[in-house]
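Here is how the chains run, residue by residue.
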There are 2 protein chains.
Amino acid sequence: MTGHPQQDQPDLTATDIAHLRAMIAHDQGKRARRLLKAMHPAKVASLLETLTPQQRIAAWHQVDARTEPKVLAHLSAAMRAQLARDLEVDAPPSDSALSTADSPIDDAPETQLHLVLDALDQGKLKRISRLFSKLHPARIAGLLESLPATERAAAWDMVEGERTSKVLRHLHQEVRRRLATEMDLEHLVEAARGLEADDLVDLIQDLPVATGRQILEAMDRRERERLQSMLSYPEDSAGGLMNMDQIAVRANIKIGTLLRYLRLREDLPSNTDKFFVIDRKHHYQGILRTRRVLTARPETMVSDLMETDFEPVLADQPSDAVARRFEEQDLSSAPVVDADGRLLGRITIDDVVDVIREQAAHAMMGMAGLDEETDMFAPVLASSRRRAVWLGINLITAFLAAWVIGLFEGTLQQVVALAVLMPIVASMGGIAGSQTLTLVIRGLATGQLAGGNTRILLLKEAGIGLLNGLLWALVVAALAILWFGNWAIGGIIAVAILLNLLCAAVAGVAIPLLMRRLGIDPALAGSVVLTTVTDIVGFFAFLGLATLILL
Amino acid sequence: MTGHPQQDQPDLTATDIAHLRAMIAHDQGKRARRLLKAMHPAKVASLLETLTPQQRIAAWHQVDARTEPKVLAHLSAAMRAQLARDLEVDAPPSDSALSTADSPIDDAPETQLHLVLDALDQGKLKRISRLFSKLHPARIAGLLESLPATERAAAWDMVEGERTSKVLRHLHQEVRRRLATEMDLEHLVEAARGLEADDLVDLIQDLPVATGRQILEAMDRRERERLQSMLSYPEDSAGGLMNMDQIAVRANIKIGTLLRYLRLREDLPSNTDKFFVIDRKHHYQGILRTRRVLTARPETMVSDLMETDFEPVLADQPSDAVARRFEEQDLSSAPVVDADGRLLGRITIDDVVDVIREQAAHAMMGMAGLDEETDMFAPVLASSRRRAVWLGINLITAFLAAWVIGLFEGTLQQVVALAVLMPIVASMGGIAGSQTLTLVIRGLATGQLAGGNTRILLLKEAGIGLLNGLLWALVVAALAILWFGNWAIGGIIAVAILLNLLCAAVAGVAIPLLMRRLGIDPALAGSVVLTTVTDIVGFFAFLGLATLILL
């Protein structure tokens, strides 16, 4: 087994080689890896010998770490030395390629990202799988999202086995959908089985309908029915957030009995800070905190420790209301019931944290016309198309502003200083308005702004607009007079700025409230409408006054 | 005790009446309430009789609900009837003013806010305290934040006893600081005692130094030392987030022993999903999940169930890194250790959720130059001052843009159509740039954008800029030609838009990265700098090209 390569592989055909070559050429790493895994090490070795040096390195990086030594044993000395060298550069000196505890993990995301990019660049995929084996699935997801599309697909191929589901769970919607649709159905189903029910429901909702159906069909009947009932709730409702891993108990048992039952289970779902008490017909009756169970005597009854005033979450409650309640009441989990009060499942804080992050991202990204699930490294064409829509909408408002300016062409021709100063009026209004708008959008999101206090806020914002309008009107007027030596222009710009800041305050409060009433998301379209208003008012006031006074 | 008012109160002096009148006139509800509470019901009754009808109603609303019947008994029939009528209008028919379970709670925040505003308007403060008694402290905090300053102070006076601390904990920084500084020291200390250590540390950090010191001095020595050690960590570090309510166990005890100890404690701190295992010298050794304890046999050793690979949080780790870890790994709590590995405390998910909310608010509010803790109903003058700074900064950039336009006054005079179209060029660049900027700021915040992939992103954004630049350049050129019938202007605006969109892409990536390197928060100042760049490039390219070609 030590010397020359063995030539006793009867079934190594030209087709195999051609296949492998094609797979490597097409970056189908996962397939190549599966093909190689199914082969005898000797066959792999002889296959490697038939390849060009470049192909050989690429193929070598698809060989499973555990079969490496066996394959090496079948190779010629020269080739073995060369591949071993390649292997050694990557591996820590102690050959502990698979140990996770010993090797120092470089925590910095930058270093990890560099490592992945370098490895991809040099085709040394083994390094990636070694790095991934040391990282938390969430970190792997983060790394994948930091990669451009092609590199991402290659790195994704290095995520293996049960980790696939865990990484999938942590990816953002858009990235996940793209990677999942590129997977073989067989592997997608395998990964789906590793997901918790709520995450699987999310995934199915993201995928094309046909793929989702195929995944459902691959599940056993009970699981499928459970998933289907969860899929019947909207994604952004409590029913869409919930999981079905709750532990329900009856009120008339002893804590000791409960503990015996729990010992049989051996482990509990994560975030189990309470059990739910139900009656015979599965109606929710109250909660039993695990900390009560831990501190109770075994002979105590569940009914003595349960809390009946803990309100369950209704399955059709919107998820942002659920998030607010979790946040306000510092909850870790809460029971979900249907309209009849029957216990359906539970919502846990980890999913609520995701909701909170998404809401926040939505508010921020929405203001720039971006989707909160935007893939930072989506292909250029896809990104361009989506952003073009936003630019197009903005172009309409820009042309509206230009049209207003066009009304005063005659005035501008006579007093060209107006053309120089007019962007200042529009810009100050836009900034002041966007401050008010941001405050109102946030107030609506947190529920601080309700029906009763909008008038108070409007008055307050108008007051701020008045004060800041007066202040900056004077400053800009003074600067304009200094610049152009024309008192009339100073006066005109002062009045225009004051008017625009007042309008901006009113529009900043009114636009989001109006949009909300019309069922339009103010975070998404508010800023465009607001800028249109402040541009038009600014240009019209400034140029209109100038026409009246100067001509 | 049934008929006429009794006149046997020897110590009712004119001073008492004057005091009470003054308190009511100055809206010092809490003081009036304390004074009334200390009096005998009979004395209160006779005091009420000396007041004008209006004052009487106001004073009546400060009488404690439990002493109401006693005071009523001492009043004249006519007055009793009148006050009882006032009381009845508010109270549910079953006189269950203090019961919480029976009376229907109106969930809608709007209705609650209306109720509070109406009650304040009519001086019927009892209604507020009755509403508050039914609400969760977090909801009360939300309601208080929805009120303008004066109304807020009046409603705050109706929050009594131990609820004060709970409401305080849920208020945002700015509102909390204002309400806390207006409280008597005595009551502030009382409220402080009701807070958990981490929330108290937050509060002390918010308050003026002298007040904070006074609170510390009022605590007993052990508590004070604990607080001081927590105060030594920055607010935005793990040390500033942690609490000291962890339960630490030794590895060499049996689960049965642990359970016996827990039963002695009777209850556990909330969010206790793990215990921390330490050695003799208080060094952190690992975690023991409560769910393991629940499912273990009593004779198992802690060392058999503990997990030693759970990495503790270092006290000086920044809080956003802690938040990311909680989110990625779905944690409910984590141990905090010092540099020597000694267990200091623990961080719980409820505090992490607050960090996440604050980060998100910071990103959104920062883009409009607002502080994330901004009080929506701060006094007009205070708000105006803070926003004026932002408008002033923006004014500088607006004048820079105006200066660029000013360079081309001669050109504008000859071709006034340029003045009409120039805002379009600047605006398209600003919008495209802000999309890139938002994406980059978010990527930096989530850690997706690290050293290795910025060049890739820059190329991708430039590609998007090129594609959208070409598309919209053609559209705008066509519209401009249709409008002004001038092919040259169409060509000029097309080139200017293309150039500006390319610049916007580069600036959108480069500005936040550069700011980050300089230690400036890109979320705060990025958009101003970006707009300056896109304005200047837009105006310069458009008017400069026009000067070259048209003149």
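The rules behind each value
- Each chain has its residues counted from 1, following the order in which its sequence is written.
- As they are written, the chains are lettered A onward and the ligands numbered 1 onward, keeping that order.
- For this predicted model, a pLDDT threshold of at least 70 governs which residues receive local features, and a threshold of 80 or more governs which side-chain atom pairs are given and counted, while totals over whole chains, interfaces and linings are taken from all residues.
- Where side-chain values are given, they derive from all heavy atoms of the structure, hydrogens and water being excluded.
- Numbering of helices and strands runs from the N terminus; a helix is a DSSP stretch of H or I covering at least four residues, while a strand is a stretch of E covering at least two.
- Both definitions apply: the radius of gyration is a C-alpha atom measure, and the globule rule equals 2.2 Å times residues to the power 0.38.
- Working definition: with a 1.4 Å probe on protein chains only, accessible area under 20% of the residue-type maximum means buried, over 50% means exposed, and in between means partly exposed.
- When checking whether two residues touch, look at their non-hydrogen atoms; a contact exists if any pair is within 4.5 Å.
- In these tables, accessible area is a Shrake-Rupley quantity obtained with a 1.4 Å probe, and a residue counts as shielded only by the protein chains included in the view.
- For the purpose of charge, His is not counted, nor are the chain termini; Lys and Arg are scored as positive and Asp and Glu as negative.
- Working definition for charges: the position is that of NZ of Lys, CZ of Arg, CG of Asp or CD of Glu.
- Values labelled buried area give the accessible surface lost by two parts on being combined, using a 1.4 Å probe and summing over both.
- For this document, the term salt bridge refers to a Lys or Arg side-chain nitrogen within 4 Å of an Asp or Glu carboxyl oxygen.
- Side-chain atoms alone can form a polar contact between residues adjacent in sequence; in general such a contact is a pair of N or O atoms within 3.5 Å, and within protein one must be able to donate a hydrogen while the other accepts it.
- The residue classification treats Ala, Val, Leu, Ile, Met, Phe, Trp, Tyr, Cys and Pro as nonpolar and Asp, Glu, Lys and Arg as charged. All others, Gly included, are polar.
- Patch membership is restricted to residues that have no salt bridge and whose relative accessible area is over 30%. Joining uses 9 Å for like charges and 5 Å for the nonpolar side chains Val, Leu, Ile, Met, Phe, Trp and Tyr.
- UniProt positions are given in the numbering used here, feature names are shortened, and annotations may be inferred rather than shown by experiment.
- By definition, two strands form a pair when at least two bridges between them are found by DSSP.
- Under this scheme, a helix contributes an axis fitted over its contacting stretch, all axes are lines through C-alpha atoms, and angles between N-to-C directions fall in the 0 to 180 degree range.
- Two aromatic rings from Phe, Tyr or Trp, using only the six-membered ring of Trp, form a pair when their centres are within 6.5 Å; if the ring planes differ by under 30 degrees the pair is stacked, by over 60 it is edge-to-face, and anything between is tilted.
- Lysine and arginine charges are scored as sitting over a ring when NZ or CZ, respectively, is within 6 Å of the ring centre and within 35 degrees of the ring normal.
- Here the copies are matched by least squares. The fit uses the C-alpha atoms of residues with pLDDT of at least 70 in both.

Draft legend 1. Geometry of the overall build of chain A. Looking only at helices and strands, chain A features 28 helices and 6 strands. Scaling as 2.2 N^0.38, a compact globule of 551 residues should have a C-alpha radius of gyration of about 24 Å, whereas chain A reaches 32 Å, well beyond that. Burial statistics for chain A: of 551 residues in total, 55% are counted as buried. Considering only residue pairs separated by 6 or more positions, chain A has 68% of its internal contacts joining residues 24 or more positions apart. Summed over its atoms, the accessible surface of chain A is roughly 23,700 Å², and 57% of this surface lies on carbon and sulfur atoms. Side-chain charges in chain A split into 56 positive and 67 negative, and the spacing between the mean points of these groups amounts to 3 Å.

Draft legend 2. Main features of the interface of chain B and chain A. Residue-level contacts link 123 residues of chain B with 124 residues of chain A. Across the chain B/chain A interface, buried area totals approximately 11,300 Å², and carbon plus sulfur atoms make up 66% of it. Connecting chain B to chain A are 10 salt bridges. As a salt-bridge pair, B:Asp267 and A:Arg292 come within 3.7 Å of each other at their nearest N and O atoms. Counting across the chain B and chain A interface gives 32 residue pairs in polar contact (both at pLDDT 80 or more). The class makeup of the residues in the side of chain B that touches chain A is 66 nonpolar, 34 polar and 23 charged.

Draft legend 3. Representation of the side chain of A:Arg325. All names here are of chain A. Counting through the fold element by element, Arg-325 comes out in helix H21 (residues 319-329). Buried charge without a salt bridge: Arg-325, with Glu-311 as the nearest opposite-charge side chain at an N-O distance of 5.9 Å. One polar contact links the side chain of Arg-325 to the main-chain carbonyl oxygen of Glu-311, over a distance of 2.7 Å. In contact with Arg-325, other than residues within four places in its own chain, are Phe-310, Glu-311, Pro-312, Val-313, Asp-330 and Leu-331.

Draft legend 4. A negative patch on the surface, seen in detail. Residues and elements named next belong to chain A. A contiguous patch of negative charge on the surface is contributed by Glu-235, Asp-236, Asp-320 and Glu-358. Note that Asp-320 resides in helix H21. The exposure class of Asp-320 is partly exposed, given its relative accessible area of 36%.

Draft legend 5. Focus on the UniProt feature "transmembrane region" (unreviewed entry) in chain A. Per the UniProt record, the feature "transmembrane region" (unreviewed entry) sits at residues 388-408, 414-441, 462-485, 491-515 and 527-550 of chain A. For residues 462-485 of chain A, helix accounts for 96% and strand for 0%, while the C-alpha atoms at its two ends are 32 Å apart.

Draft legend 6. Structural context of the sheet that holds strand S2 (residues 274-278) of chain B. All names here are of chain B. In space, the 3 strands of this open sheet follow the order S1-S2-S3, with mixed pairing throughout. Only two strands of the sheet have a single neighbouring strand rather than two, namely strand S1 (248-250) and strand S3 (284-289). Recorded for the sheet is a direction-independent mean angle of 40° between the axes of neighbouring strands. By the bridge criterion, 5 bridges tie S2 to S3 in an arrangement that is antiparallel. In the strand pairing of S3, Ile-278 is matched with Tyr-284.

Draft legend 7. Local environment of unusual backbone geometry. We note that A:Asn271 has phi near 60°; this positive angle belongs to a residue other than glycine. Residue classification places A:Asn271 among the buried residues on the basis of a relative accessible area of 11%. We note that B:His282 has phi near 70°; this positive angle belongs to a residue other than glycine.

Draft legend 8. Up close: the sheet that holds strand S4 (residues 313-314) of chain B. Residues and elements named next belong to chain B. Ordered by their spatial adjacency, 3 strands build an open sheet running S4-S5-S6, and the pairing between neighbours is mixed. In the strand order of this sheet, the two ends are held by S4 and strand S6 (343-348), each with one partner. Note that strand S5 (residues 333-337) and S6 share 5 bridges and pair antiparallel. Within S6, the residue paired with Ser-333 across the bridge is Thr-348. Taken strand by strand, helix H21 (residues 319-329) contacts S4, S5 and S6, and its axis lies near 60° from that of S6.

Draft legend 9. Seen up close, the environment of B:Gly161. You can see B:Gly161 is positioned in the loop between helix H10 (149-156) and helix H11 (163-170). Separated by 29 residues in the primary sequence, B:Gly161 and B:Glu190 place their C-alpha atoms 8.6 Å from one another.

Draft legend 10. Seen up close, the UniProt feature "domain: CBS" (unreviewed entry) in chain A. As annotated in UniProt, the feature "domain: CBS" (unreviewed entry) corresponds to residues 306-364 of chain A in the numbering used here. For residues 306-364 of chain A, helix accounts for 46% and strand for 22%, while the C-alpha atoms at its two ends are 42 Å apart.

Draft legend 11. Up close: the packing of aromatic side chains. Inspection of every chain in the model, using the stated rule, returns 6 aromatic pairs over all chains. Measuring from ring centre to ring centre gives 6.3 Å for A:Trp483 and B:Phe399, while their planes differ by 35°; the resulting arrangement is tilted. One end of the pair, A:Trp483, is in helix H26 (residues 454-484); the other, B:Phe399, is in helix H23 (residues 380-406), on a second chain. The exposure class of A:Trp483 is partly exposed, given its relative accessible area of 32%. Their ring planes at 75° and their centres at 5.7 Å tell us that B:Phe408 and B:Phe540 sit as a pair that is edge-to-face. Of this pair, B:Phe408 sits in the loop between H23 and helix H24 (409-414) while B:Phe540 is found in helix H28 (residues 522-550), placing the two residues 132 residues apart along the sequence. Ring pairing ties together the aromatic residues A:Phe399, B:Trp483 and B:Phe484, which thus form one cluster. In this structure, A:Arg325 packs its charged tip against the face of A:Phe310, placed 5.0 Å from the ring centre.

Draft legend 12. Representation of the pattern of salt bridges in the model. All names here are of chain A. Counting across every chain of the model gives 41 salt bridges over all chains. A salt bridge links Glu-225 to Arg-221; its shortest N-O distance comes to 3.0 Å. Of this pair, Glu-225 and Arg-221 both sit in helix H16 (residues 221-231), 4 residues apart, which is roughly one turn of the helix. Among the ionic pairs, Glu-461 bridges to Lys-460, the shortest N-O distance being 3.7 Å.

Draft legend 13. Structural detail: the relation of the copies chain B and chain A. When chain B is fitted to chain A, the residual RMSD is 0.1 Å, and the transformation amounts to a turn of 180° plus an axial shift of 0.0 Å. In the structure described here, the two chain copies are related by an operation that fits a two-fold rotation axis. A shared interface surface links the copies, since 100% of the contact residues of chain B are contact residues in chain A too.

Draft legend 14. Summary view of a nonpolar patch on the surface. Taken together, the side chains of A:Ile396, A:Leu400, A:Trp403, A:Leu407, A:Phe540 and B:Trp483 present a nonpolar region at the surface, about 610 Å² in accessible area. A total of 3 residues in the nonpolar patch trace back to one element, the largest contributor, which is helix H23 (residues 380-406) of chain A.

Draft legend 15. Broad picture of the environment of A:Gly240. All names here are of chain A. With respect to the helices and strands, the residue Gly-240 is situated in helix H17 (residues 238-241). By relative accessible area, which is 4% here, Gly-240 ends up buried. As for Gly-240 and Arg-213, which are separated by 27 residues in sequence, their C-alpha atoms are 18 Å apart. Discounting chain neighbours no more than four positions away, the residues touching Gly-240 are Asp-202, Tyr-233, Pro-234 and Glu-235.

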